[in-house]
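Coordinates in review
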Amino acid sequence: MQITLQQVGLIVLGLWFVMFLAGTYQQNRIKNKILKRIDSGVEEALKANPELTIDEYYQTTFADWDDFVRSNAWFILNKTEFLPVLAKPDSVKKRFNFTPIWLGAYLRFQGYKLEADDEQNAAIDAIIEAAPAHMKRAQAAKQKKD
């Protein structure tokens, strides 16, 4: 049996597709677990410290980040989402932009406002202003409900 160039191409394409699906799955697993961790811990953290700052909650949430990444992913997709790259804690944090500013904006969309300095508040306000309209409507609905 002779393998043709088309068959080699299909095999390579199939392998790439499997890697793409596996990378996407691992990225989604990291995102979902970190969002669940943030959502489940913010109430308790605010009860323990009503004047909790974004930086303090960020440090608490991402304290075991290295172990968290290693236990949830072997690789993720690069920024073009074309090739897999090793899931190193720093590169994953950079890839998903997990920063204190992001955390503050995410929590504001969830209806929490943690203490922040003026620079952080300005950056968070800019993120919220640039958000899609449906996210702003959902945030407004949450604020009316509370």
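**Notes on the packing of aromatic side chains**
- One pass over the structure, following the stated rule, counts 10 aromatic pairs.
- On the numbers, 5.4 Å between centres and 25° between planes, the contact of Trp65 with Phe68 is stacked. Of this pair, Trp65 and Phe68 both sit in helix 3 (residues 65-72), 3 residues apart, roughly one helical turn. When sorted by exposure, Trp65 lands in the same class as Phe68, which is buried.
- Consider the rings of Trp65 and Phe98, whose centres lie 5.6 Å apart with planes at 85°: the pair is edge-to-face. Of this pair, Trp65 sits in helix 3 while Phe98 sits in the loop between helix 4 (89-96) and helix 5 (100-109), and the two are 33 residues apart along the sequence.
- Classification of Phe98 by relative accessible area gives buried; the value is 3%.
- Connected via pairs of aromatic rings, a cluster forms that spans Tyr58, Phe62, Trp65, Phe68, Phe96, Phe98, Trp102 and Tyr106.

**What to know about the side chain of Gln26**
- Examined against the element boundaries, Gln26 turns out to sit in helix 1 (residues 5-48).
- Taking the relative accessible area as the measure of exposure, Gln26 reaches 7% and is therefore buried.
- Here the side chain of Gln26 touches Trp74 through a polar contact of 2.5 Å, landing on its backbone nitrogen.
- Ignoring any residue separated from it by four or fewer positions in sequence, one finds Gln26 in contact with Asn72, Ala73, Trp74 and Phe75.

**Looking at unusual backbone geometry**
- Positioned with a positive phi, Glu81 is a non-glycine residue whose angle comes to about 55°.
- Secondary-structure assignment places Glu81 in the loop between strand 1 (75-77) and strand 2 (84-86).
- Phi is positive for Asn97, which is not a glycine, with a value near 60°.
- For Asn97, the location among the structural elements is in the loop between helix 4 and helix 5.

Conventions and cut-offs
- Residues numbered from 1 in each chain as written.
- Predicted model: local features only at pLDDT ≥ 70, side-chain atom pairs only at ≥ 80, totals over all residues.
- Heavy atoms only, no water.
- Phe/Tyr/Trp six-rings, centres within 6.5 Å; stacked < 30°, edge-to-face > 60°.
- Helix = DSSP H or I, 4+ residues; strand = E, 2+ residues; numbered from the N terminus.
- Buried < 20%, exposed > 50% of the residue type's maximum accessible area, 1.4 Å probe, protein only.
- Polar contact = N/O pair within 3.5 Å; in protein donor to acceptor, adjacent residues only side chain to side chain.
- Contact = heavy atoms within 4.5 Å.

Function cannot be read off these values alone, since they describe shape.
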